[in-house]
Amino acid sequence: MKITVVGTGYVGLVTGACFAEVGHDVMCVDNDESKIAMLRRMEMPIYEIGLQELVERNVAGKRLHFTTSIEEGTDFAEVIFIAVGTPPGYRGEANLSYVEQVGRTVAEHMTSYRLLVEKSTVPVNTGMQLKRTITKYIEGGLDFDVASNPEFLREGTAIEDAFQPDRIVIGVESERAAKLLREVYDPIVKKSGCEFLVMNIASAELTKHASNSFLAMKISYINAVSRVCELAGADVEQVAHGMGLDSRIGQKFLNAGVGYGGSCFPKDVDAFIHLSDQLGYDFQLLKEVQRINQNQREHMLQKIKHELWVMQDKTIAILGLAFKPGTDDLRQAPSLYFVPQLIEARAKLKLWDPIASDNFKKLYPDLTYCDDILDCAKDADMVLILTEWPEVRDLDLKKLKKAMAVPVVMDGRNVFDPAEMHRLGFIYHSMGRP
Ligand code: UGA
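All values reported here derive from a predicted model rather than from experimental measurement.

Rules of the game
- Residues numbered from 1 in each chain as written.
- Predicted model: local features only at pLDDT ≥ 70, side-chain atom pairs only at ≥ 80, totals over all residues.
- Heavy atoms only, no water.
- Phe/Tyr/Trp six-rings, centres within 6.5 Å; stacked < 30°, edge-to-face > 60°.
- Buried < 20%, exposed > 50% of the residue type's maximum accessible area, 1.4 Å probe, protein only.
- Pairing = 2+ DSSP bridges.
- Helix = DSSP H or I, 4+ residues; strand = E, 2+ residues; numbered from the N terminus.
- Axes fitted to C-alpha atoms, helices over the stretch in contact; angles between N-to-C directions.
- Contact = heavy atoms within 4.5 Å.
- Right-handed = clockwise from strand over helix to strand, strands pointing away.
- Near = heavy atom within 4 Å.
- Polar contact = N/O pair within 3.5 Å; in protein donor to acceptor, adjacent residues only side chain to side chain.
- Areas by Shrake-Rupley, 256 points an atom, 1.4 Å probe, with all protein chains shown as cover.
- Nonpolar A, V, L, I, M, F, W, Y, C, P; charged D, E, K, R; others polar.

**Student:** For this particular structure, what's the right way to read the packing of aromatic side chains?
**Tutor:** Where two aromatic rings form a pair, the distance of their centres and the angle of their planes describe that pair. Enumeration according to the criterion identifies 9 aromatic pairs in this entry. Residues Tyr260 and Phe265 carry aromatic rings whose centres are separated by 5.9 Å and whose planes lie at 80 degrees to one another, so their mutual orientation is edge-to-face. Pair check on accessibility: Tyr260 and Phe265 agree, each one buried. For the ring pair Tyr281 and Phe283, a centre distance of 5.4 Å and an interplane angle of 75 degrees mean the geometry is edge-to-face. Taken together, the ring pairs connect Phe19, Phe81, Tyr185 and Phe196 into an aromatic cluster.

Right under this line is the structure:
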């Protein structure tokens, strides 16, 4: 089956490559010429585990093509996925100008039936607006459909998630659109055995908002519990484990720490609050979720200040810059909160990250970057853990202690066992643990 995917970011490129891998013929479109030039040279514009091999294999198999021309993409396939960016506007609402632009260009160039599928996370009623846009620009009363197919991929495990989804959700208005999308997903549904849910467009759009905001709420909930644990002398890891064994709660997304980041949760919670507001509902619960998340970072900063007392000229080794392991993505990463604060306090910073350092260098070219964790920790007055990379988990703690000037570890991701750290002679602070 022929499929066009517009947008070659984290969602679009992974989706396009995965569709090709299951046997479809896929055209990926992006108006950023440099991105398409990179892809044609087999260079990935983003880091995602397994993506390079997937793209290479499917380009070689002639199932994956790249173009900057949306006109070519419109001609290529009946089904067109829209996976362009929806960055936050100044009041937290999603900026839909790229989605609108794609709708308009497709409408102006299509010569027969097309199905436009929103994959970007968009507010409820975007489907309806997209339909209005297409109707406005389409020539000669051609038939078309819009559909919603929200994405549930996580960065770092996106390819695995695409082939083994928990569910596929589509929102449609016609049997024709449902049939086409069933055909698109048939190989994945057959292989993974996942549920294929068909609903109306607004419900599909809301499923995405409600899911991401619920996960963010779960994280903020455990972070709030972690604060009470600190006051009560309890251990949040043990509490979370005890809670998570209840199958109604589950173990996942109960890791306390310096809060959630990334391109999705902060933006999506914001957008959900905003759209609820517009619809007439004041979503106080989600406002509190945001507040708790921000407060976790401030709380850790207070702990750092308290531990160091005078920050000026103290050497702090920061382990982890990416918003989570397995990605080079810095969007809303805790590092972007701590680094400027620590620079302002005139601490000396040494930074380590296995993948995200190059992106960070573009923002802070003059800081000291290390390839090796122990070099980074050498002569440091404090190690601050912001991303739980496997390399951090596997650290030789005796070597770490030896390398540091003063063995103080501030663990923003609860990577190590407090009892073990104290036994080894570290001054160790984490989140929500005695
Ligand atoms: C998230 C969702 O998990 C995906 O289902 C969704 O498709 C995606 O957003 C999206 O909307 O595109 P992602 O942002 O890639 O995926 O990453 P997550 O693994 O969900 O982590 C998000 C943040 O929460 C990270 O900063 C992570 O460190 C933090 N987190 C996660 C915690 O602080 N505690 C936890 O227990 C889990």
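Moving on from the model shown.
**Student:** Mind showing me how you'd approach the sheet that holds strand 10 (residues 348-352) here?
**Tutor:** The pairing of strands in a sheet happens through backbone hydrogen bonds and is either parallel or antiparallel. Taken together, the 6 strands give an open sheet; going across it, the order is 11-10-9-12-13-14, and neighbouring strands pair in parallel fashion. Edge strands, defined here as strands with exactly one partner in the open sheet, are strand 11 (368-370) and strand 14 (427-429). Across the sheet, the mean angle from the axis of one strand to that of its neighbour is 20 degrees, orientation sign disregarded. With 3 bridges joining them, strand 13 (residues 408-411) and strand 14 adopt parallel strand pairing. Its bridge partner being in strand 14, Val408 is matched across the sheet by Ile427. Of the strands in this sheet, strand 9 (315-319), strand 10 and strand 12 (382-385) are in contact with helix 13 (residues 335-344), which crosses strand 10 at around 155 degrees.

**Student:** Sorry if this is basic, but what is going on with the pairing of strand 7 (residues 167-171) here?
**Tutor:** Each regular strand displays side chains that alternate between the two surfaces of the sheet. When you tally the buried positions in strand 7, you get 4 out of 5 residues, the bulk of the element. Examined bridge by bridge, strand 7 and strand 8 (residues 195-199) share 5 bridges and lie parallel to one another. Pairing of Ile170 across the sheet is with Val198, part of strand 8. For the segment spanning strand 7, helix 8 (residues 175-192) and strand 8, crossover handedness is right-handed.

**Student:** Can you walk me through helix 13 in this structure?
**Tutor:** Listed in full, the buried residues belonging to helix 13 are Ser335, Tyr337, Phe338, Val339 and Leu342. Where helix 13 is buried, its residues contact helix 12 (284-308), strand 9, strand 10, helix 14 (357-363) and strand 12.

**Student:** Can you help me understand the site of the ligand in this one?
**Tutor:** As a structural note, the neighbourhood of the ligand is formed by 20 residues, with Phe152, Leu153, Glu155, Lys208 and Asn212 the closest of them. Within the backbone of Leu254, one N or O atom sits 3.3 Å away from an oxygen atom of the ligand. Within the backbone of Phe323, a nitrogen or oxygen atom sits 3.2 Å from an oxygen atom of the ligand. Contact with the protein chains removes 92% of the 720 Å² of surface that the ligand exposes when unbound. Sorting the residues of the shell around the ligand by element identifies helix 9 (201-232) and helix 11 (265-279) as the ones contributing at least two each. Per-element tally for the shell around the ligand: the top contributor is helix 9, with 3 residues. For the shell around the ligand, a count of residues per class yields 9 nonpolar, 4 polar and 7 charged.

Geometric descriptors of this kind do not, in isolation, establish any biological role.
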